[in-house]
2 protein chains.
Amino acid sequence: MREPKDALPLRTNAAEPLLVVGSVAYDNIETAYGRGDYILGGSASYASIAASYFAQPRLVGVVGKNFAEQDVARLQTRGVDLDGLQRDESGDTFFWAGKYSEDFSSRETLTTELNVFEKFNPELPKAYRKTKFVLLGNILPQLQARVLAQLDDPGGAFVLADTFELWINTQREALVELLPRVDVLAINDSEARLLTGEKDAIVAGRKLVGPEYGLKMLLLKKGEHGSLLFHPEGLFALPAYPVTELRDPTGAGDSYAGAILGYLAAQGTSEFGAIKRAMVYGAAVASLTVEAFGCDRLESAGADAIEARYDELVRMVSFT
Amino acid sequence: MREPKDALPLRTNAAEPLLVVGSVAYDNIETAYGRGDYILGGSASYASIAASYFAQPRLVGVVGKNFAEQDVARLQTRGVDLDGLQRDESGDTFFWAGKYSEDFSSRETLTTELNVFEKFNPELPKAYRKTKFVLLGNILPQLQARVLAQLDDPGGAFVLADTFELWINTQREALVELLPRVDVLAINDSEARLLTGEKDAIVAGRKLVGPEYGLKMLLLKKGEHGSLLFHPEGLFALPAYPVTELRDPTGAGDSYAGAILGYLAAQGTSEFGAIKRAMVYGAAVASLTVEAFGCDRLESAGADAIEARYDELVRMVSFT
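To keep things clear, this report deals only with the structure shown in the data block.

**Some thoughts on the overall build of chain A**
Helices and strands together make up the secondary structure of chain A, namely 11 helices and 13 strands. For 320 residues, the compact-globule formula gives about 20 Å, and the C-alpha radius of gyration of chain A, at 18 Å, lands near that figure. Projecting the C-alpha coordinates of chain A onto the three principal axes gives extents of approximately 50 × 45 × 40 Å. In chain A, buried positions account for 60% of the 320 residues. Contacts spanning at least 24 positions in sequence make up 66% of the contacts within chain A whose residues lie at least 6 apart. As presented, chain A carries roughly 12,400 Å² of accessible surface, and 47% of it is formed by carbon and sulfur atoms. Each charge class in chain A was averaged separately, 32 positive and 44 negative side chains, and the resulting centres sit 3 Å apart.

**Notes on the interface of chain A and chain B**
On the chain B side, the residues contacting the 29 residues of chain A number 29 residues. Carbon and sulfur atoms make up 62% of the surface buried where chain A meets chain B, a total of about 2,500 Å² over both sides. The tally of links between chain A and chain B comes to 2 salt bridges. Between chain A and chain B we count 8 residue pairs in polar contact (both at pLDDT 80 or more) in total. The set of elements that each furnish at least two residues to the side of chain A that touches chain B consists of helix H7 (201-208), strand S13 (234-238), helix H9 (272-289) and helix H11 (302-317) of chain A. If you tally residues by element for the side of chain A that touches chain B, the top one is H11 of chain A, at 4 residues.

**Some details on the packing of helix H1 (residues 43-51) of chain B against helix H8 (residues 252-267) of chain B**
Residues and elements named next belong to chain B. Relative to each other, H1 and H8 sit at 40°, their axes nearing to 7 Å. It follows from the interaxial angle that H1 and H8 lie oblique. The handedness of the crossing between H1 and H8 is right-handed. The residues of H8 that touch H1, namely those facing Ser43, Tyr46, Ala47, Ala50 and Ala51, are Asp254, Ser255, Gly258, Ala259 and Gly262. By residue class, the composition of the contact of H1 with H8 is 5 nonpolar, 4 polar and 1 charged.

**Focus: the sheet that holds strand S8 (residues 133-136) of chain A**
By way of backbone hydrogen bonds, the strands of a sheet pair with one another, either parallel or antiparallel. Residue and element names in this part refer to chain A. Strands sit in the order S5-S4-S1-S8-S9-S10-S11-S12-S13 across an open sheet of 9 strands; the sheet is mixed. Two strands in the sheet have a free side with no partner beyond their single neighbour: strand S5 (85-88) and S13. Recorded for the sheet is a direction-independent mean angle of 15° between the axes of neighbouring strands. Pairing geometry for strand S1 (residues 18-21) and strand S4 (residues 57-64), over 4 bridges, is parallel. By the bridge assignment for S4, Leu18 is matched with Pro57. Of the strands in this sheet, S1, S4 and S8 touch helix H1 (residues 43-51), which is tilted by about 160° from S1.

**Examining the pairing of strand S8 (residues 133-136) of chain B**
Residues and elements named next belong to chain B. Side chains of S8 alternate between two faces, with Phe133 and Leu135 and Val134 and Leu136 buried alike. With 3 bridges joining them, strand S1 (residues 18-21) and S8 adopt parallel strand pairing. Looking at the pairing, Val20 lines up with Leu135 of S8. Direction of pairing for S8 relative to strand S9 (residues 158-162): parallel, over a ladder of 4 bridges. Directly across from Phe133, in S9, lies its bridge partner Phe158. Taken together, S8, helix H3 (residues 141-150) and S9 constitute a β-α-β crossover, and its handedness is right-handed.

**Focus on the pattern of salt bridges**
Evaluated as defined, the whole model comprises 38 salt bridges over all chains. The closest approach of N and O atoms between Asp71 of chain A and Arg74 of chain A, which form a salt bridge, is 3.9 Å. One end of the pair, Asp71 of chain A, and the other, Arg74 of chain A, are both in helix H2 (residues 69-77), 3 residues apart, so they sit about a helical turn from each other. Looking at Asp71 of chain A, the relative accessible area reads 5%, which means it is buried. Of the charged contacts in the structure, one is a salt bridge between Arg74 of chain B and Asp296 of chain B, with a shortest N-O distance of 3.2 Å. Taken together, the residues Arg74 of chain B in helix H2 (residues 69-77) and Asp296 of chain B in helix H10 (residues 296-300) connect sequence positions 222 residues apart.

**Structural notes on the side chain of Thr93 of chain B**
All names here are of chain B. The topology assignment puts Thr93 in the loop between strand S5 (85-88) and strand S6 (94-100). At 2.8 Å, the side chain of Thr93 and the side chain of Asn66 are in polar contact. Not counting chain neighbours up to four residues away, the residues in contact with Thr93 comprise Val24, Ala25, Tyr26, Val63, Gly64, Asn66, Phe67, Glu113, Asn115 and Val116.

**Comments concerning unusual backbone geometry**
Here the phi dihedral of Asn115 of chain A falls at roughly 50°; this positive angle occurs in a residue that is not glycine. Despite not being glycine, Phe104 of chain B has its phi angle at roughly 65°, a positive value. Relative to the helices and strands, Phe104 of chain B resides in the loop between S6 and strand S7 (107-113).

So, how was this worked out
Residues numbered from 1 in each chain as written. Chains lettered and ligands numbered in written order. Predicted model: local features only at pLDDT ≥ 70, side-chain atom pairs only at ≥ 80, totals over all residues. Heavy atoms only, no water. Helix = DSSP H or I, 4+ residues; strand = E, 2+ residues; numbered from the N terminus. Rg over C-alpha atoms; globule rule 2.2 N^0.38 Å. Buried < 20%, exposed > 50% of the residue type's maximum accessible area, 1.4 Å probe, protein only. Contact = heavy atoms within 4.5 Å. Areas by Shrake-Rupley, 256 points an atom, 1.4 Å probe, with all protein chains shown as cover. Lys, Arg positive; Asp, Glu negative; His and termini not counted. Charge placed at Lys NZ, Arg CZ, Asp CG, Glu CD. Buried area = accessible area lost by both parts, 1.4 Å probe. Salt bridge = Lys/Arg side-chain N within 4 Å of Asp/Glu carboxyl O. Polar contact = N/O pair within 3.5 Å; in protein donor to acceptor, adjacent residues only side chain to side chain. Axes fitted to C-alpha atoms, helices over the stretch in contact; angles between N-to-C directions. Parallel < 35°, antiparallel > 145°, perpendicular 65-115°, else oblique. Left-handed = near helix turned anticlockwise from the far one by under 90°. Nonpolar A, V, L, I, M, F, W, Y, C, P; charged D, E, K, R; others polar. Pairing = 2+ DSSP bridges. Right-handed = clockwise from strand over helix to strand, strands pointing away.

Put into structure tokens, the structure is as follows:
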């Protein structure tokens, strides 16, 4: 197992690896501060790099014929296991172009070209099938289910799943069927309202972890307003790290999820207290991601910056 | 000193009284859940009732000839000292009518009749001038300054001031002049952005407590997303209590401020740790306020409900 130079001390050989399934993409991003073209993006890229500070990510995804060797190298330098990264020479890599409003309160999608991602069928290399920590990035719920079906012991794994508006609107049945099979659903507040038809995010959250949906835990993401974990042992609320140099919010949620799973894998546990600490690490890592375009700051942040923000967040919410 | 039956145990005779200056009003309120007419409202009413669980509020405000004896009695039952409440027989009490959108994300003002509030000139009874904890509710900044000038030792008092968009737009100079003379400015995030011209609330907050404005502390209110205290010793972030029975958000901010000042007065201190605990009490009290129209739930909540929500909030943010 390779370890990046600047991993956290808790990334040891005793740490469990984690599985990261999702998109690997090229993004064109435009903000009030500038623009970047053909930036390495996609949920699996952000989540893997974030997780790599804590434990070894095993990436399952697909790239096309235009995927650059230097981007393969970026992921390898972070110690990401790429045995599960398919290369489909029949087309280009998933491409997305978007533009953020001046105050980052909204974004407009300019282009989405699914390319090889359209036919993506996740296949787990044999060595991956025993992975105990699984991050199902935002892909079709049917594909997320197919990943779980390939695990040797899906019930013994700790599974966090992401989704988004499009699947809530178009793949509702498959998504709802998946919920009792995952441990945590990580979605934002508007998605929780859309999924349940409730106007209030807290009411929506309680409903999702209630008998109707049978979800174990809900991680409600509220961006700059932090996040809220609905856990069988109680609610946990965490503010966001107070970012003052916001440059590109792309990948914040994926970095958050990646760091959370990475921390849990490194600790080899999913008990409530560990998830709380994982969320603080996640908030620290996500705050670094958004301070530069794409994965740049996330990639270069280093363990010290992550630990410093972890400590700062803990101080920010403590009474003593 | 009178004590309401259901005050918190920390409301003792050793507790300092607090001064509450602001509006006393009648409100017509319309929400998706119903409507209420001529409800007792105004910043000073909400803040005084909230504070009354902790310490004795001394209310300075004005009411008109239509102010009902039963509303005087409501405040007296809460142990509010009304020696500073002026009655102006030349007109009616300040009247406001508003309508909330279905999901409470916005509200429309239908009517504002200032009535006797237009000529309001706060005058502190002699006994009030030594008060050490002062809440300057949302009135003209010039009137807030006039209150401070009437204190025997304004520098020795702990002063929290509220304001709003109208004064930021029309009384900017007077408001900015007031800032170095108060201890805490409590405003919401959009007001902080408006006041500083910054797009980001965190950047705006840091600027307000910087050399340009000379404010000691900023309490940034974010409604359902909690609040953030910019204190010389550091930031403190607190989530809101997870309300599921939102019925009328009117007075949430005033209850929040009232409970904070009430707690500090009861403790006779304004050190950082005490302000943090005061914010938790404030969030607990504000969450009760919004569960019914006007002051109804705030008035009837009782010490046990407040303590229970305080404990729940502390658990929600704790790691152990």
